[in-house]
Amino acid sequence: MREPTRRAFLSGAAAGAASAFVPTTSAARSREVLNDASRLNTVPVFRHWITKAEAETDFLAQLRRELKDAAAAKRPVCVGAARHSMGGQSLPRNGSAMTFNRDFCEVDRAARTASVHAGTRWFEVIAHLDKIGFSPAVMQSNSDFGVAATFCVNAHGWPAPYGPFGSTVRSFRMMLADGSIVTCSRTENAELFTLAMGGYGLFGVILDLELDMVENLLLAPRQEVMPTSEFAARFVGAIEKDPAVRMMYGRLSVAKRGFFDEALLVTFRPVPTPPTGLPAAPRTHPLSKVMRGVYRAQIGSESAKQTRWFAETMVGQKISSGTATRNALMNQAVANLQGHDRHRTDILHEYFVPPERFGEFVAGCRNIIPKAQAEFLNVTLRYVLKDEISLLSYAATNRIAAVMSFSQEMTPEGEADMLRLSENLIDLAASVGGSFYLPYRLHARPDQLERLYPQLTQVLQRKRHYDPGLLFRNLMWDTYFAG
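The rules we used
- Starting from 1, residues in each chain are numbered consecutively following that chain's sequence as written.
- The predicted nature of this model means local features are confined to residues of pLDDT at least 70 and side-chain atom pairs, given and counted, to a pLDDT of 80 or more, with totals for whole chains, interfaces and linings taken over all residues.
- To obtain the side-chain values, all non-hydrogen atoms of the structure were used and water was disregarded.
- In what follows, salt bridge is the name for a side-chain nitrogen of Lys or Arg lying within 4 Å of a carboxyl oxygen of Asp or Glu.
- Here a helix means four or more residues in a row that DSSP labels H or I, a strand means two or more in a row labelled E, and each is numbered from the N terminus.
- Categorising residues by exposure relies on relative accessible area from a 1.4 Å probe, with only protein chains included: less than 20% of the type maximum marks a residue as buried, more than 50% marks it as exposed, and the intermediate range marks it as partly exposed.
- Side-chain rings of Phe, Tyr and Trp, where Trp is taken by its six-membered ring, are said to pair if the distance between their centres is within 6.5 Å; with planes under 30 degrees apart they count as stacked, over 60 as edge-to-face, and otherwise as tilted.
- Ring-over charges, as used throughout, are those where CZ of Arg or NZ of Lys falls within 6 Å of the ring centre and within 35 degrees of the ring normal.
- Within a predicted model, pLDDT stands for the predictor's per-residue confidence, ranging from 0 to 100.
- Contacts are assigned to residue pairs with any non-hydrogen atoms lying within 4.5 Å of each other.
- We call two strands paired when DSSP finds no fewer than two bridges between them.
- Here an axis means a line fitted to C-alpha atoms, over the contact stretch when the element is a helix, while the angle between two N-to-C directions is reported on a 0 to 180 degree scale.

*Asks:* I tried to follow the pattern of salt bridges on my own but got confused; where do I start?
*Replies:* Proximity of charged atoms lets side chains of opposite charge pair with each other. Tallied over the entire structure, the rule returns 24 salt bridges. A salt bridge links Glu224 to Arg234; its shortest N-O distance comes to 2.7 Å. Of the two residues, Glu224 sits in strand β12 (residues 218-227) while Arg234 sits in helix α6 (residues 228-241), which places them 10 residues apart along the sequence. Among the residues examined, Arg234 registers a relative accessible area of 32% and is labelled partly exposed. Among the ionic pairs, Arg344 bridges to Glu409, the shortest N-O distance being 3.8 Å. Of this pair, Arg344 sits in strand β16 (residues 344-353) while Glu409 sits in strand β18 (residues 399-409), placing them 65 residues apart in sequence.

What follows is the structure, encoded as structure tokens:
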């Protein structure tokens, strides 16, 4: 199988395709309103350009016009994809919003790399690679997101043993504020590489990326239930002592009775490929509706939380002999667990904790989380290798990542409660030498941000070097850095 060549893509093989951008000439016009996954950031934008199938030459010309027009009008520019961040990191108030959405993936089997457009979604990348027996080395745990967005928020996944996704990116092309295009890698424009990885789109517009791919494998799970006090050592041991482990995660019990007392460790190891070959990677699990029902039933019900834990640790253990491909495990949609109550919203937190201090973090969580009004639905634990690339690294050492999911009432009281909860958990993470993740609600105090991201001052100085007109801005910039 041969994928479309990069040369064909760059020379405009899609010439003649219609552009989704229609310029507005009237001075009096209704502004479009955008939001993100939190549904708490209703933001008017001056213009919203959705890219789809333009020829490459048309795409670049339009992008340059957009940047030039926005700079002349002193409007902020911000690029997004699925907009699953939760603090307006993909939203420019009264600015030019761009949504990149182009399915392009070119494979180099010899180099074991895939070149993709910035707006290609992960499920599209998987669809391309799945056909030829490959898989993304690292991606987020759901496949809805854009590839460049994953790089810009410095997201990680649960394949083992890896650091953030950016550690598997070979290079990318970026358009700067003046319309020039540069190629960035660890050896070429290396400073921009380190700034853009976890730079939230503040340095330029990523056009395409070259990323590592690995062999797709059939994996079998193994489940272990244990006291939470044993989890960190067993979790780290699974990575450091068993090279057969290719993916893994952990969970903790979340019912208030016995809160965080028990832990579940799930590891995945390769098994032989059947004679019929590997099955295609679906986007939904056969039991998705049942799993979603059990998950959503936890809101307001301690008994439902206990039932879910029983289902995961006891029933799940009995059926854990089932196998799945690496691609299938990663190719899951956010909608599989999403809520439909318009009066509530799901909010994520994530904290990165040194394994040797995980017990202290758990003890602190026991004192903080049960007191909150927000419903605590889940915590998933992942292993993240040290990140020595990004200037805004959240993993100065190898870390256990605690991804927490809360259901919050969409009221002022609900928002105030979430703010207090966030501040307390960030302080807790700091007290054990950990850090917190930036793509979620903008509830961290400025002093917390400065303490846990010590290179922030350097990043802001280089932002003004590469983007002196401060063209690339979003709500996170407005909240913390505009002064």
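From this point on, the discussion continues.
*Asks:* Help me understand the packing of aromatic side chains, please; the structure alone is not making it clear to me.
*Replies:* Aromatic ring pairs are defined here through the distance separating the ring centres and the angle between the ring planes. In total, this model carries 25 aromatic pairs according to the counting rule given. When the centroid spacing of 6.0 Å and the interplanar angle of 45 degrees are considered together, the rings of Tyr480 and Phe481 count as tilted. Owing to a relative accessible area of 11%, Phe481 belongs among the buried residues under this scheme. The rings of Phe231, Phe235, Phe358 and Tyr383 are connected pair by pair, giving a single aromatic cluster. Looking at Lys463, its charged tip hangs above the ring of Trp477, at a distance of 5.3 Å from the centre.

*Asks:* Even after reading the chapter, I still don't get the confidence of the model for the protein, so can you show me in this structure?
*Replies:* Low pLDDT marks regions whose predicted coordinates should not be analysed in detail. On average, the protein scores 92 in pLDDT, and the residues at 70 or more come to 92%. Predicted confidence for residues 1-27 stays below pLDDT 50, and this span has 48 contacts to residues more than four positions away or in other chains.

*Asks:* Could you clarify how one ought to interpret the sheet that holds strand β4 (residues 77-80) in this entry?
*Replies:* Strand pairs in the sheet, formed through backbone hydrogen bonds, run parallel or antiparallel to each other. An order of β3-β5-β4 is seen for the three strands of this open sheet, with the pairing classed as parallel. Strands with a single pairing partner mark the edges of an open sheet, and in this sheet they are β3 (47-51) and β4. Adjacent strand axes in the sheet meet at a mean angle of 20 degrees when their direction is disregarded. Direction of pairing for β3 relative to strand β5 (residues 96-100): parallel, over a ladder of five bridges. By the bridge assignment, Arg47 is partnered in β5 with Ser96. Set on the sheet, helix α2 (residues 56-73) makes contact with β3, β4 and β5; between it and β3 the angle comes to about 165 degrees.

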